[in-house]
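Here's the letter readout for the chains.
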Amino acid sequence: MKKIVIIDYGLGNLRSVRKGLEHAGAEVVISKDPADVRDADGVILPGVGAFSDAMKNIVPFLDVIDEYVTSGRPMLGICLGQQLLMAHSEEGQKTTGLDLVSGHVVRFPHTGLKVPHMGWNSLTIEQDHPFFKNIPDGTFVYFVHSFYVDTDPAHTLASCEYGIRFAASVVNEAGNVIGTQFHPEKSGDMGLQMLRNFVNMC
Amino acid sequence: MLTKRIIPCLDVTLDEAGGTVVKGVEFVDLKKAGDPVELAKRYNEQGADELVFLDITASHEGRGTMIDVIERTADEVFIPLTVGGGINTVEDIRQILRAGADKVTINTAAVKNPEFITEAADIFGSQCIVTSIDCRRNPVVDSPDRTVITLEDGTPAWYEVVIYGGRKPTGIDAVQWAKKVEELGSGEIMLTSMDRDGTYDGFDIPITRTLSEELDIPIIASGGVGNPEHMYGGFVDGKADAGLAASIFHFGEYTVGDVKEYLKKKGIPVRI
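### Overview of the overall build of chain B
At step 1: Secondary structure assignment for chain B yields 10 helices and 12 strands.
At step 2: For chain B, whose C-alpha radius of gyration is 18 Å, the value lies close to the compact-globule estimate of 19 Å for 272 residues.
At step 3: With respect to the three principal axes, the spread of C-alpha positions in chain B is 55 × 45 × 35 Å.
At step 4: Going through the 272 residues of chain B one by one, you find that 59% of them count as buried.
At step 5: The long-range share in chain B, meaning contacts at least 24 apart out of those at least 6 apart in sequence, stands at 65%.
At step 6: For chain B, the exposed surface amounts to about 10600 Å²; the carbon and sulfur share of it is 48%.

### Here's the deal with the nonpolar core
At step 1: One finds Leu-51, Phe-53, Ile-93, Ile-129, Ile-189 and Met-231 of chain B to be the most contacted residues of the largest nonpolar core, which totals 78 residues.
At step 2: Looking at which element gives the most residues to this core, the answer is helix 6 (residues 174–184) of chain B, with 6 residues.
At step 3: In contact with Met-231 of chain B, other than residues within four places in its own chain, are Ile-6, Phe-203, Val-225, Gly-243, Leu-244, Ala-245, Val-259 and Leu-263 of chain B.
At step 4: Of all hydrophobic cores here, the second largest spans 36 residues; its members include Val-28, Leu-76, Ala-168 and Ile-178 of chain A.

### Looking at the packing of aromatic side chains
At step 1: Applying the stated criterion across every chain, the model contains 9 aromatic pairs over all chains.
At step 2: Between Phe-108 of chain A and Tyr-162 of chain A, the ring centres sit 5.6 Å apart and the planes meet at 80°, which makes this aromatic pair edge-to-face. A residue pair is termed long-range when its members are at least 10 positions apart, and Phe-108 of chain A in the loop between strand 7 (104–107) and strand 8 (117–122) and Tyr-162 of chain A in strand 12 (residues 156–162) qualify at 54 residues.
At step 3: Tyr-162 of chain A gets classed as buried once you look at its relative accessible area, which sits at 8%.
At step 4: Relative to Phe-132 of chain A, the ring of Phe-131 of chain A has its centre 5.1 Å away and its plane inclined at 80°; by these criteria the two rings are edge-to-face. We note that Phe-131 of chain A, like Phe-132 of chain A, is buried.
At step 5: Linked through ring pairs, Phe-108, Phe-143, Tyr-148, Tyr-162, Phe-166 and Phe-182 of chain A together constitute an aromatic cluster.
At step 6: Over the face of the ring belonging to Tyr-232 of chain B we find Lys-266 of chain B, whose NZ or CZ atom lies 4.4 Å from the ring centre.

### Details of the sheet that holds strand 5 (residues 88–89) of chain A
Residue and element names in this part refer to chain A.
At step 1: Spatially, 4 strands are ordered 6-5-7-11 in an open sheet, and the strand pairing comes out mixed. Lying at the two open borders of the sheet, with one neighbouring strand each, are strand 6 (95–96) and strand 11 (147–150).
At step 2: Sheet topology places strand 5 next to strand 6; 2 bridges connect them, and they run antiparallel. Residue Ser-89 lies in a different strand from strand 6, and its bridge partner there is Thr-95.

### As for unusual backbone geometry
Apart from glycine, the bulk of residues carry a negative phi angle, and the bulk of peptide bonds sit in the trans form.
At step 1: Here the residue pair Val-115 of chain A and Pro-116 of chain A is connected by a cis peptide bond, since its omega of 10° sits within 30 degrees of zero.
At step 2: Even without being glycine, Lys-239 of chain B reaches a positive phi, approximately 55°.
At step 3: With respect to the secondary-structure elements, Lys-239 of chain B resides in the loop between helix 8 (228–236) and strand 12 (242–245).

### A few points about the environment of Ile-44 of chain A
At step 1: Structurally, the position occupied by Ile-44 of chain A is in strand 3 (residues 42–45).
At step 2: For Ile-44 of chain A and Asp-66 of chain A, which are 22 residues apart along the polypeptide, the C-alpha to C-alpha distance reads 14 Å.

### Side note on the interface of chain B and chain A
At step 1: On the chain A side, the residues contacting the 38 residues of chain B number 29 residues.
At step 2: The contact between chain B and chain A buries some 2700 Å² in all, and 58% of this surface belongs to carbon and sulfur atoms.
At step 3: Broken down residue by residue, the surface that chain B buries against chain A is led by Leu-2, Phe-78 and Gln-127 of chain B, which jointly contribute 27%.
At step 4: Scanning the region where chain B abuts chain A turns up 5 salt bridges.
At step 5: Residues Lys-19 of chain A and Asp-75 of chain B are paired through a salt bridge, measuring 3.9 Å at the closest nitrogen-oxygen approach.
At step 6: Counting only elements with at least two residues in the side of chain B that touches chain A, the list comes to helix 2 (60–74), helix 3 (90–98) and helix 5 (115–124) of chain B.

### Some remarks on the layout of surface pockets
At step 1: Here the largest pocket is characterised by a volume of approximately 1100 Å³.
At step 2: Forming the walls of the largest pocket are 39 residues, and the residues nearest its centre are Asp-11, Leu-54, Ile-56, Asp-134 and Gly-165 of chain B.
At step 3: Mapped onto the lining of the largest pocket, the elements with two or more residues apiece are strand 1 (5–14), strand 3 (51–55), strand 5 (103–106), helix 4 (108–112), strand 6 (129–138), strand 10 (188–193), strand 12 and helix 9 (247–250) of chain B.
At step 4: Taken together, the residues of the lining of the largest pocket break down into 16 nonpolar, 17 polar and 6 charged.
At step 5: Counted as a void, the second largest pocket has a volume near 720 Å³.
At step 6: The wall of the second largest pocket is formed by 35 residues, among which Arg-107, Pro-116, Ser-146 and Phe-147 of chain A together with Ser-126 of chain B lie closest to the centre.
At step 7: Looking at the lining of the second largest pocket, the elements that each hand over two or more residues are helix 5 (80–84) and strand 10 (140–145) of chain A together with helix 5 and helix 6 of chain B.
At step 8: Broken down by element, the residue count for the lining of the second largest pocket peaks at 3 residues, all from helix 5 of chain B.

What counts as what
Residues numbered from 1 in each chain as written. Chains lettered and ligands numbered in written order. Predicted model: local features only at pLDDT ≥ 70, side-chain atom pairs only at ≥ 80, totals over all residues. Heavy atoms only, no water. Helix = DSSP H or I, 4+ residues; strand = E, 2+ residues; numbered from the N terminus. Rg over C-alpha atoms; globule rule 2.2 N^0.38 Å. Buried < 20%, exposed > 50% of the residue type's maximum accessible area, 1.4 Å probe, protein only. Contact = heavy atoms within 4.5 Å. Areas by Shrake-Rupley, 256 points an atom, 1.4 Å probe, with all protein chains shown as cover. Core = buried A, V, L, I, M, F, W, Y, C linked by side-chain atoms within 4.5 Å. Phe/Tyr/Trp six-rings, centres within 6.5 Å; stacked < 30°, edge-to-face > 60°. Lys NZ or Arg CZ within 6 Å of the ring centre and 35° of its normal. Pairing = 2+ DSSP bridges. Buried area = accessible area lost by both parts, 1.4 Å probe. Salt bridge = Lys/Arg side-chain N within 4 Å of Asp/Glu carboxyl O. 1 Å grid on protein atoms, 1.4 Å probe; cavity = no way out; pocket = protein on both sides within 12 Å on 5 of 7 lines; lining within 4 Å. Points joined across faces, edges and corners; volume = space filled by probe spheres on them. Nonpolar A, V, L, I, M, F, W, Y, C, P; charged D, E, K, R; others polar.

Function-wise, these values are silent; they only describe arrangement.
Below, the structure written as structure tokens:
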């Protein structure tokens, strides 16, 4: 059985991610202990809340995440977890991120649309990747965010339109670090399929 | 394109045996008609975009059983879950989110102590904090500071915030309160017009539209839906981001899917 570690560095609902991964047949550990990451087959960087708080809380994990990612094993950042993969964010004071995927985090411009971007929006799949196996183009997923990731097409797995077109899912050069701005664990059957795809990558 | 959300609401209460039931459910073909988890699964299968659980007992005893309902729902239903009713402290929120909910609604506690919104949003993030505003039309405009809204028949009125399930008027102007709630860090507003709640007459369009136009955060319209056309009215005339309804779904008159099919035909973006 694949062992997936959910890094517990803050607050909020981790139960749904855990259950979604368990549905996919994984053994799930929610952990505050960096040592748990060492022998993980997969790592989830969940996230709700503020970027700078999250970066503060994640400090004890920094070395072990670097080591883990270098080993080529898969890591998935969800929502704020995707944003943390970037070099920096303009949320609050300009804060440095994990810098695992090229890009940075910016606030939605004023386009007359409501912020946060909250609800179900459709994905445009931009690249083939095992994470999106059996996920049709146009699939609806659940978003809730006020900031988004600004990156280049090479690092964009899927995009979404909300006043502007932004990266709904990102990937690093090696293909093992991915992020989703949406919540697969709250995106119904299609979201569960993505979590299953992630477990299969591990 | 961002879709309009259809949100069934489950008013959860305790029965004599201490078990949880959903008020007003008359599905004949459910194994246990009032079981909130069964109903949540049913609505999920019908295509609900989110679910709201309101703990209308909001007792100490009820809180424990509510947590159990959320946990059992979150284990099987993978869409956003919002929980409200009697939420007064950061610890209440923490427990509910840990159980698998994504958002909480706060209502009376926010009116009594507005800083609670900021405190909760700072800890859990704005996206978790939905402020529920119950209001009632007041035709007597008693002060120039009131936000006057023109009703359907052309008469002026202001909308007054009410608390304790609509029993207690507060003298607070609902539009001004909504703006303050946004400033304080709330991520969304659930707006219920007590004049419409339970009437089947449709949403209260004047106040819904006013808040939708004046605020930057999403507005969930609530109260009064009797048919799919009312949902359409809430989105087009009320400019709401989401529509919440209870009875029309509980009584089995319409499924969530029926409402969405209707909206789609009328050109409203929905997730089907």
